[in-house]
Amino acid sequence: MINMYSLKYFYDSCRLKSMTKAAELNHVSRPAISQAIKKLEEDLNISLLNHKRREIEPTSSGLLLIKEAESIFEKLETTYSMLKDNSKGKLYGTLRIGSVRTLAAFKLHGAIRSFREEHENVEIKIQVRRAEETVQKLINREIDIALFLGEDLLPGYKYTILKKGHFCLVKPKGKKNIQYAVTQPRPEVQNLKTIFEMKFGNSLPLFAEISSWDAILSWVQKGICGGLLPDFLFETRESKKNISVVLDKVWPYEIKAMVSTAKANDPIVKTFIEKLIAD
């Protein structure tokens, strides 16, 4: 009989390509992971890993077990979701959310407040990362929901579009000869530079490159510079008060909530996404 903890430790180590990361995910020590995998190899009487000092390299038998383990754990997650559906409307457990910084600051608070009011027995944990890191954490099963603004679409995952809009170039009202802050090179930034030069006959005057849209918004509101921003950041009358739009519809965007197919029917996940849609 395979020990399920040992199987999970082996599966997570291979999936994350690190016993240390598997230990952190499962809240055990790294030696405990190593010992469990060794015990699993002894119980099965096969070698699962080509043991190298700093690499996780499954053997052919290890690769086969990884595939079967993935199927087992996806089935367990689905069964767990079905069992929670029978809890007479009360939700218990933990919800792990990954989000980019700007969405965490401007889009999550309403949904979280509403969810907490109705489901006080669910613990919410939030990790704030860049979009690509957030998606990777979802793939690694370190979070249940990935909330991001981007193009990522992955097989085996379901996504809900929460909002569509456009990036716009804005500046402080009344300011002339302004420079502009943008994020690091991304499709919307490259398109902006092309549009700006076609419309105004000169290159975009660059103030700074920064990865935080909310920091750019703050600078624009304080009159320091202009900036390229997703339009959901200045939808309210208050946020528009000191801002002028220089170029609208520079580049389209979608705000997405992505979950694995195994988690898609989890009542906690489903309920929270419903709150995000309603927010």
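All values derive from a computational prediction rather than experimental measurement.

Chemist: Hey, could you run me through helix α7 (residues 131-139) in this one?
Modeler: Since the α-helix advances by 3.6 residues per turn, residues separated by three or four positions end up pointing in the same direction. Along α7, the residues classified as buried are Ala-131, Thr-134, Val-135, Lys-137 and Leu-138. Angular distribution of buried residues about the axis of α7 spans 160°; they occupy a single face of the element. Tucked inside the fold, the buried residues of α7 contact β1 (93-99), β2 (122-128), β3 (145-149), β4 (157-172) and β8 (243-260). Once α7 ends, the next one or two residues include Arg-141, with phi positive near 65°.

Chemist: What is the right way to look at the pattern of salt bridges in this model?
Modeler: Any two side chains of opposite charge can pair, on the condition that their charged atoms come close. Taken as a whole, this structure holds 14 salt bridges when the rule is applied. The salt bridge partner of Lys-263 is Asp-144, with a shortest N-O separation of 3.5 Å. Linking Lys-263 in the loop between β8 and α11 (267-278) with Asp-144 in the loop between α7 and β3, this pair joins segments that are 119 residues apart in sequence. An identical accessibility class is assigned to Lys-263 and Asp-144; each is buried. Salt-bridge contacts for Glu-188 lead to Arg-186; the nearest nitrogen and oxygen are separated by 2.4 Å. Ionic contacts of the salt-bridge type, sharing partners, join the residues Arg-96, Asp-144, Lys-263 and Asp-266 into one network.

Chemist: What exactly am I supposed to notice about the sheet that holds strand β7 (residues 226-230) here?
Modeler: What holds strands together in a sheet is hydrogen bonding between their backbones, with the strands either parallel or antiparallel. Strand order in the open sheet made by the 8 strands is β2-β1-β3-β8-β4-β7-β5-β6, with mixed pairing throughout. Each having just a single partner strand, β2 and β6 (206-209) make up the two edges of the open sheet. Ignoring strand direction, the axes of neighbouring strands in this sheet form an average angle of 20°. In this fold helix α8 (residues 187-200) packs onto β4, β5 (180-182), β7 and β8, with an angle of close to 160° to the strand it touches most, β8.

Chemist: I would appreciate a short explanation of the pairing of β6 in the present structure.
Modeler: It is a general feature of regular strands that their side chains alternate between the two faces of the sheet. Of the pairings in the sheet, the one linking β5 to β6 comprises 3 bridges and is parallel in character. Its bridge partner lying in β6, Ala-181 is registered against Ala-208. For the crossover from β5 across α8 to β6, the handedness is right-handed.

Chemist: Help me understand helix α9 (residues 213-221) in this model?
Modeler: All of the buried residues along α9 are Trp-213, Asp-214, Ala-215, Ile-216, Leu-217 and Val-220. Positive backbone phi, approximately 80°, marks Gly-223, located one or two places after α9.

Chemist: Whenever I open this one, unusual backbone geometry confuses me. Can you help?
Modeler: Peptide bonds are trans in most cases, and residues, glycine excluded, mostly fall at negative phi. Positioned with a positive phi, Lys-17 is a non-glycine residue whose angle comes to about 60°. Mapped onto the fold, Lys-17 is located in the loop between α1 (4-16) and α2 (19-26). Its relative accessible area of 68% is what places Lys-17 among the exposed residues. A positive phi is found at Arg-141, a non-glycine position, where the angle reads about 65°.

Chemist: Any chance you could explain the nonpolar core here in plain terms?
Modeler: General note: in soluble globular proteins, nonpolar side chains tend to be found buried as a group. Within the largest apolar cluster, 56 residues are counted, with the highest numbers of intra-cluster contacts made by Leu-95, Ile-145, Leu-169, Leu-192, Leu-228, Leu-229 and Phe-272. Among the elements that make up this core, the one with the highest residue count is β8 (8 residues). When neighbours within four sequence positions are excluded, Leu-229 is seen to be in contact with His-166, Phe-167, Cys-168, Val-170, Trp-213, Ile-216, Leu-217 and Phe-234. In terms of nonpolar packing, the next biggest core, distinct from the first, is built from 18 residues, Met-19, Leu-49, Leu-65 and Ala-69 among them.

Chemist: Looking at this structure, I do not really get the packing of helix α6 (residues 109-118) against α11. What am I missing?
Modeler: When two helices pack together, you describe them by how their axes are tilted relative to each other and by the distance separating the axes. Following both chains from N to C, one finds α6 and α11 inclined at 130°, their axes separated by 8 Å at the closest point. By the angle class used here, α6 and α11 are oblique. In the packing of α6 onto α11, the handedness of the crossing is right-handed. Side by side, α6 and α11 meet where Ala-111, Ile-112, Ser-114, Phe-115 and Glu-118 of the first sit next to Ile-268, Thr-271, Phe-272, Lys-275 and Leu-276 of the second. Within the contact of α6 with α11, the residues separate by chemical class into 6 nonpolar, 2 polar and 2 charged.

Chemist: Before we go on, may I ask you to explain the side chain of Ser-6 in this structure?
Modeler: Relative to the helices and strands, Ser-6 is located in helix α1. In contact with Ser-6, not counting residues within four places along its chain, are Ala-36 and Leu-40.

Chemist: Just to check I follow, could you spell out the packing of aromatic side chains for this structure?
Modeler: Two aromatic rings are characterised by how far apart their centres lie and by the angle between their planes. Overall, the coordinates contain 8 aromatic pairs when judged by the stated rule. Between the aromatic rings of Phe-167 and Tyr-253, the centroid separation amounts to 5.7 Å while the plane-to-plane angle is 75°, which identifies the pairing as edge-to-face. With a gap of 86 residues between them, Phe-167 in strand β4 and Tyr-253 in strand β8 connect regions that are remote in the sequence. For the residue pair Phe-167 and Tyr-253, the accessibility class agrees, reading buried in each case. With centroids separated by 5.9 Å and ring planes inclined at 75°, the aromatic side chains of Phe-207 and Trp-219 adopt a geometry described as edge-to-face. Taken as a pair, Phe-207 in strand β6 and Trp-219 in helix α9 lie far apart in primary sequence, 12 residues in all. Taking the relative accessible area as the measure of exposure, Phe-207 reaches 34% and is therefore partly exposed. Residue classification places Trp-219 among the partly exposed positions, given a relative accessible area of 25%. An aromatic cluster of three or more residues is present, and its members are Phe-167, Trp-213, Phe-232 and Tyr-253.

Rules behind the numbers
- Residues numbered from 1 in each chain as written.
- Predicted model: local features only at pLDDT ≥ 70, side-chain atom pairs only at ≥ 80, totals over all residues.
- Heavy atoms only, no water.
- Buried < 20%, exposed > 50% of the residue type's maximum accessible area, 1.4 Å probe, protein only.
- Helix = DSSP H or I, 4+ residues; strand = E, 2+ residues; numbered from the N terminus.
- Arc of directions from axis to C-beta.
- Contact = heavy atoms within 4.5 Å.
- Salt bridge = Lys/Arg side-chain N within 4 Å of Asp/Glu carboxyl O.
- Pairing = 2+ DSSP bridges.
- Axes fitted to C-alpha atoms, helices over the stretch in contact; angles between N-to-C directions.
- Right-handed = clockwise from strand over helix to strand, strands pointing away.
- Core = buried A, V, L, I, M, F, W, Y, C linked by side-chain atoms within 4.5 Å.
- Parallel < 35°, antiparallel > 145°, perpendicular 65-115°, else oblique.
- Left-handed = near helix turned anticlockwise from the far one by under 90°.
- Nonpolar A, V, L, I, M, F, W, Y, C, P; charged D, E, K, R; others polar.
- Phe/Tyr/Trp six-rings, centres within 6.5 Å; stacked < 30°, edge-to-face > 60°.

As far as function goes, none of this settles anything; it's purely spatial.
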